[in-house]
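# Fold and geometry: a report
Chain by chain, the residues:
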Amino acid sequence: MDGLRKDQSLVGATDNINEETNNITQKVISEGGEETMVPPVGNSIHRSSSRPQLDLSGAAIQGNFEERDPTILLPNQSDDISHLALDIGGSLIKLVYFSRHEDRVVNDKRKKSAKERFGVSNGNIRRTFPILGGRLHFVKFETAKINECLEFIHSKQLHRGDNDNAVIKVYTMFEKATGGGAYKFADLFKEKLGVSIEKEDEMDCLVAGANFLLKAIRHEAFTHKEGHKEFVQIDHNDLYPYLLVNIGSGVSMIKVDGDGKFQRVSGTNVGGGTYWGLGRLLTKCKSFDELLELSQRGDNSSIDMLVGDIYGGLDYSKIGLSASTIASSFGKAISENKEIEDYRPEDISLSLLRMISYNIGQISYLTALQLGIKRIFFGGFFIRGHAYTMDTISFAIQFWSKGGAQAMFLRHEGFLGALGAFMSYEKHGLDDLMVHQLVERFPMGAPYTGGKIHGPPLGDLNEKARWIQGPDLVCSNQKGTYFICNLLQISWMEKFVRKGIKITAPVPTASPRTTGLGGFEAPSSKGDTLRCDESNLNVGVLHLVPSLEVFPLLADPKTYEPNTIDLADPNELEYWFTVLSEHLPDLVDKAVASEGGTDDARRRGDAFARAFSAHLARLMEEPAAYGKLSLANLLELREECLREFNFFDAYSTIKHRENEASLAETRLLTLIEGVLAANIFDWGSRACVDLYHKGTIIEIYRMSRKKMQRPWRVDDFDAFKERMGFGDKKHQRHKRALLFVDNSGADVVVLVANSLPALNDVTAMELPEIVAEAAKHCDILRGAAEAGGLLMDAMINIQDSPREKSSSTPLMVVENGCGSPCIDLRQVSSELAAAAKDADLVCCFNILYIYLVILEGMGRALHTNYNARFKCDALKLAMVKNQRLAEKLIKGNIYDCVCRYEPAN
Ligand SMILES: Nc1ncnc2c1ncn2[C@@H]1O[C@H](COP(=O)(O)OP(=O)(O)OP(=O)(O)O)[C@@H](O)[C@H]1O
Ligand SMILES: CC(C)(CO)[C@@H](O)C(=O)NCCC(=O)O
Ligand SMILES: [Mn+2]
């Protein structure tokens, strides 16, 4: 790896770090006998809990340690990082790699009993991999800078393969690659990394990648017309045939008829390489992005010969061409006595972009027409998520097909080939991964690393994206905490925490005049700001969670839509963004306090606020940037951001205090009232947080409980009471009740709880302890908890000897698979799914009415699922702690109560 040098842009930023790491390095003798510098290792190493872990033992600096940015070799790095696949094209190298999820702490008392009772295995048994789950990462490099790519692979040890599998225990000394470069650079890979390239056919991979994305990712495909992006719901049973147009350096057009069933039907040599190549020569641009950006300020009419130029300003209406139609791209350049310098680079770039985009659009249309295909998906990095390019192509397809055919784009546009190559590792079994098993996340990068603040200020998300790839590895000694950088390793967060830097959301520029095609107006989204390439990938890390399932009690999973609020409505969007922004300072305070209010916590809190604000700014500008946006996503993003900055339970202090207070507070109305009043605890509500300043929460609870007068705003209590057997009619007892609990505190009546902390919501891990504490005050609860195996002594009994049947209803705790205040019932834990089925009852739909689902709290019962229909009885309980939501959803007011009972029909 001697020949591999770091990206120059990293040098300045790593200066200070190296100074410090040098102070703490120590001499060791490496295997080869040379002295190398290594950082002190051992128990002083902090590992980030949300990221791949690195084994630092035997770490050694490779090559000359006088180098500014030496590569650090981690010979014993073994776990977590798994396969890698490459697509090495004429212009760009695309890399997809997989890292394992770290096993979660399993000191979870309730797990065993839940497993025994519901017979849950670890996820889906059909597959051997990736049962543990993990993350798919997407990275790209310029082919001309292949060394950067090699260095990246090396520094992350991606070429060592899936070697944490105890059975295999051999390094995968080959890696899958596709694209022309798999042939061209095979020797280089062997020489530099010692790995053999296993070549996969480029067209096979493109098709496999496209099919995978279209089936496995909910919001992958979208249309883009006149600046408007709309996600398309793909029906898996009605996907084929389609035309796949991959616009890379050159363009391939493939008719796809099924998995592995396709034919390359056409192509064109006028593609992305043409735009970038010609554009570079004609404008002297240094980068593709610069060229694309120029086009946004261009006016092609100064170079293109328009119909009007030929017809003396008139339309040629007889054949339907308006005066502003481009008659001949670059045609004006022939008639004028001008040199290249006399043209604006902006105009040249736009003229070129339009020429190539229209041309590809037209050939695609003709090809689709010839084959009788209506749907055309465009991929390849030429598109680059650029609104104007997509609008131009869409416009061409729309125009020529007279609306008969549709252009669709893919969020992972450039990674089709690399994903296809990745999936050719047979044992991944990724091909039958389902939509609900993939969760896309937009991590804000590295967790906190401590030490001084280094490097230049971080302007916005664009910049952050360059820093997100590195696994984080931190060393400390008595002098303090330091981090070591291997490639891209320096923490962007260090930059992020700097004070006084405004997060800049790019501001759209005004749309300049453009000319049309075929007498139609030109695409309107030309003026959109081009975001930096990295962030504009608009792809996050894909988390594979094979244990996620569709909640079995949903009446119709196909039509299920968890969200009640439509954030496509700009007013709603703005409102909720404001709510979240205004709530931020308070949340940061809580988060910092939850970690003892240390300097470290404060810095992380600050960084979290910046990170989350940057996401909000990005989404405010382009709501569909990360896929279809919903309030549930936003709330989840906030929790994810907290976790990114190592705030694992921002409300832990508050939760503890409230649990203690509420346990001292001890039939149906009382119970429901209790739940509703207790739902006042909501650290996600501005109004409530303001209230809390006026007293302790338990006091507010007592107060709200006193005021709790029926009828509530939504009041099906009588129907529910009747169903519960307090009426004249006889009802069969519910066999199983699933309570989706909300807050920690007084309303803990449990069954289904969050897997990870979110706001002040109680988690499945915390519940056994709370129940045990509450059981001290209540015999019924104690009996139930014992019967459910929730209490420690009861657990022992269950394990040792099958306990004689207790007369109590067992109380169980299961995790729901989420870490958000909302719940998308298409993605719940296998444990919950198992609890919602009954081994004996599966498929006996007529018997499901004896189940009862209780959703509690604003997030689970109002923001999401208020309109959800179930196969069984359902009760939705919440107090509305937001005026606007109250008006919209129940035509009521803040603090109104909802008790919505929907019997199974
Ligand atoms: N940062 C970038 N650097 C260079 N080109 C870029 C960049 N971003 C987008 N592009 C465009 O994407 C094209 C490359 O797309 P892609 O990676 O899909 O093709 P490729 O695999 O390299 O080419 P081929 O498949 O024809 O071998 C470039 O020719 C250029 O038009
Ligand atoms: C040669 C490939 C397949 C390499 O990816 C691509 O660049 C391409 O499809 N070029 C267009 C070649 C043609 O004219 O059909
Ligand atoms: Mn390619």
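Everything below is about the structure shown above.
This section reports on the structure supplied with the text. (Residues numbered from 1 in each chain as written. Chains lettered and ligands numbered in written order. Predicted model: local features only at pLDDT ≥ 70, side-chain atom pairs only at ≥ 80, totals over all residues. Heavy atoms only, no water.)

## Here we look at the overall build of the protein chain
Applicable threshold: Helix numbers and strand numbers start at the N terminus; a helix is a DSSP run of H or I with at least 4 residues, a strand a run of E with at least 2. Burial classes follow relative accessibility: with a 1.4 Å probe on protein chains only, a residue under 20% of its type's maximum area counts as buried, one over 50% as exposed, and anything between as partly exposed. Here, Shrake-Rupley sampling with a 1.4 Å probe gives the accessible areas, and only protein chains in the shown set may cover a residue.
Within the protein chain one finds 30 helices and 32 strands. Each of the 905 residues in the protein chain was classed as buried or not, and the buried ones make up 58%. Element-wise, carbon and sulfur atoms account for 51% of the exposed surface of the protein chain, whose accessible area totals about 37,500 Å².

## Things to note about the site of ligand 1
The cut-off we apply is this: Any residue with a heavy atom lying within 4 Å of a molecule or strand is counted as near it. In the analysis that follows, any N or O atom pair within 3.5 Å is treated as a polar contact, provided that within protein one partner can donate a hydrogen and the other can accept it, and provided that, for residues neighboring in sequence, both atoms belong to side chains. Ten residues, namely Ala, Val, Leu, Ile, Met, Phe, Trp, Tyr, Cys and Pro, are considered nonpolar, four, namely Asp, Glu, Lys and Arg, are considered charged, and the remaining ones, Gly among them, are considered polar. Each domain's limits were defined by an automated method or a database of domain assignments.
Inspection of the region around ligand 1 gives 20 residues, with Gly90, Ser91, Lys94, Ser249 and Gly272 positioned closest. Between an oxygen atom of ligand 1 and a main-chain N or O atom of Leu92, the distance comes to 2.9 Å. Here an oxygen atom of ligand 1 sits 3.1 Å away from a polar atom, N or O, in the main chain of Gly250. In the complex, 90% of the free accessible area of ligand 1, which totals 640 Å², lies under the protein chains. Residue assignment for the shell around ligand 1 shows that the elements contributing at least two residues are strand S7 (92–100) and helix H7 (272–283). No other element matches H7, which puts 3 residues into the shell around ligand 1. Broken down by class, the residue content of the shell around ligand 1 amounts to 6 nonpolar, 9 polar and 5 charged. A domain-level breakdown of the shell around ligand 1 finds at least three residues from each of domain 1 (8–204 + 419–429 + 468–492) and domain 2 (221–410 + 510–534).

## Some words on the site of ligand 2
Neighbouring residues of ligand 2: Glu202, Met203, Gly250, Val251, Ser252, Arg264, Gly267, Thr268 and Asn269. Between Glu202 and ligand 2, the recorded distance is 2.4 Å, taken from a side-chain N or O atom to an oxygen atom. For ligand 2, whose free accessible area comes to 390 Å², the fraction covered by protein is 58%. Sorting the residues of the shell around ligand 2 by element identifies helix H6 (202–216), strand S14 (251–258) and strand S15 (261–268) as the ones contributing at least two each. Considering every element that reaches the shell around ligand 2, the biggest residue donor is S15, with 3 residues.

## Observations regarding the packing of aromatic side chains
Selection criterion: Think of it this way: a Phe, Tyr or Trp ring, Trp meaning its six-membered ring, pairs with another when their centres are within 6.5 Å, and the plane angle makes it stacked under 30 degrees, edge-to-face over 60, tilted otherwise. Two limits define a charge over a ring: the Lys NZ or Arg CZ must be within 6 Å of the ring centre, and within 35 degrees of the ring normal.
For the structure shown, the criterion picks out 21 aromatic pairs. Ring centres 5.9 Å apart and planes at 65° place the aromatic pair Phe222 and Phe231 in the edge-to-face group. Positioned above the aromatic ring of Phe381, the side-chain terminus of Lys140 is 4.8 Å from the ring centre. Between Arg604 and the ring centre of Phe647, over which it is positioned, the NZ or CZ distance is 4.8 Å.

## Things to note about the packing of H7 against helix H8 (residues 288–295)
We apply this condition: Helix axes are fitted to C-alpha atoms over the stretch in contact, other axes to C-alpha atoms as well, and angles between N-to-C directions run from 0 to 180 degrees. Here the angle decides the label: under 35 degrees means roughly parallel, over 145 means roughly antiparallel, 65 to 115 means roughly perpendicular, and every other value means oblique. Contacts between residues were defined by any pair of non-hydrogen atoms, one from each residue, lying within 4.5 Å.
In the contact formed by H7 and H8, the axes pass within 10 Å of each other and the chain directions differ by 75°. In terms of axis orientation, H7 runs roughly perpendicular to H8. Every residue of H8 that contacts H7 at Tyr275, Trp276, Gly279 and Thr283 is listed here: Phe288, Leu291, Leu292, Leu294 and Ser295. Looking at the contact of H7 with H8, its residues break down into 6 nonpolar, 3 polar and no charged.

## Focus on the pattern of salt bridges
Here is the rule: Each salt bridge in this description consists of a side-chain nitrogen of Lys or Arg and a carboxyl oxygen of Asp or Glu lying within 4 Å of one another.
Enumeration according to the criterion identifies 26 salt bridges in this entry. With a shortest N-O distance of 2.9 Å, Lys176 and Glu198 are connected by a salt bridge. A residue pair is termed long-range when its members are at least 10 positions apart, and Lys176 in strand S9 (residues 174–178) and Glu198 in strand S10 (residues 196–199) qualify at 22 residues. With a relative accessible area of 7%, Lys176 lands in the buried category. According to the relative accessible area criterion, Glu198 is partly exposed, its value standing at 33%.

## Examining the side chain of Ser349
Position of Ser349 among the secondary structure elements: in helix H11 (residues 345–371). Since its relative accessible area comes to 0%, Ser349 is described here as buried. For Ser349, the side chain forms a polar contact with the main-chain oxygen of Leu291, separated by 2.7 Å. With sequence-adjacent residues up to four places away left out, Ser349 is seen in contact with Tyr275, Leu291, Leu294 and Ser295.

## Regarding the pairing of strand S18 (residues 375–379)
Note the following rule: Note: two strands are recorded as paired if DSSP finds a minimum of 2 bridges between them. Handedness is read with the strands pointing away from the viewer; a crossover is right-handed when the path from the first strand over the helix to the second is clockwise.
In terms of residue burial, S18 counts as a mostly covered element, since 4 of its 5 residues are buried. Examined bridge by bridge, strand S13 (residues 242–247) and S18 share 4 bridges and lie parallel to one another. From the neighbouring strand, Leu243 faces S18, where its bridge partner is Ile376. Both S18 and strand S19 (residues 406–410) contribute to a ladder of 4 bridges, which runs parallel. Among the inter-strand pairings, Arg375 is bridged to a residue of S19, identified as Gln406. For the handedness criterion, the β-α-β arrangement of S18, helix H12 (residues 387–401) and S19 is classed as right-handed.

## Focus on a nonpolar patch on the surface
This is how the line gets drawn: Each patch is built from residues that are more than 30% exposed by relative accessible area and take part in no salt bridge. Like charges join if they lie within 9 Å; nonpolar side chains (Val, Leu, Ile, Met, Phe, Trp, Tyr) join within 5 Å.
On the surface, Ile310, Tyr311 and Leu314 cluster together into a nonpolar patch covering about 310 Å² of accessible area. Tracing the chain through its elements places Ile310 in helix H9 (residues 307–310).

## Some words on the packing of helix H25 (residues 767–775) against helix H26 (residues 779–787)
Packing of H25 against H26 brings their axes to within 8 Å, and their N-to-C directions diverge by 140°. In terms of orientation, H25 and H26 fall into the oblique class. Two secondary-structure elements touch here, H25 through Val771, Ala774 and Ala775 and H26 through Leu781, Arg782 and Ala785. The residue makeup of the contact of H25 with H26, split by class, is 5 nonpolar, no polar and 1 charged.

## Description of unusual backbone geometry
For residues that are not glycine, phi is negative in most cases, and the peptide bond is trans in most cases. For the peptide bond that leads from Tyr240 to Pro241, omega is -5°, which places it in the cis range. Here Pro241 is to be found in the loop between strand S12 (228–231) and S13. Phi at Phe330 takes a positive value of approximately 65°, unusual for a residue other than glycine. With respect to the helices, strands and loops of the structure, Phe330 is situated in the loop between strand S17 (326–328) and helix H10 (332–335).

## Observations regarding the pairing of strand S31 (residues 873–879)
Within S31, 7 of the 7 residues are buried, leaving the element largely enclosed by the surrounding structure. Judged by which residues are buried, S31 turns out to be covered on both faces: Asp873, Leu875, Leu877 and Met879 on one side and Ala874, Lys876 and Ala878 on the other are all buried. Where strand S30 (residues 851–856) meets S31, 5 bridges bridge the pair, whose relative direction is parallel. Counterpart to Leu855 in the pairing with S31 is Lys876.

## With respect to H8
Counting buried positions along H8 gives 6 out of 8 residues, so the element sits mostly inside the fold. Every buried residue of H8 is accounted for by Phe288, Asp289, Leu291, Leu292, Leu294 and Ser295.

## Here's the deal with the nonpolar core
Heads up, the condition is: Take the buried residues of types Ala, Val, Leu, Ile, Met, Phe, Trp, Tyr and Cys, join any two whose side-chain atoms come within 4.5 Å, and each joined set is a nonpolar core.
Among the nonpolar cores identified, the biggest contains 69 residues, and Phe551, Phe608, Leu634 and Phe870 are the most heavily contacted of them. Those elements giving two or more residues to this core turn out to be helix H17 (570–594), helix H18 (599–621), helix H19 (631–644), helix H28 (830–836), S30, helix H29 (858–863), S31 and helix H30 (883–890). In terms of residue count, H17 provides more of this core than any other element does, 10 residues in total. Residues contacting Phe608, with those up to four places away along its chain left out, are Leu584, Leu587, Val588, Arg638, Cys641, Leu642, Phe645 and Phe647. Counting 38 residues, the second-largest nonpolar core is a separate cluster that includes Ile217, Val256, Met408 and Ala421.

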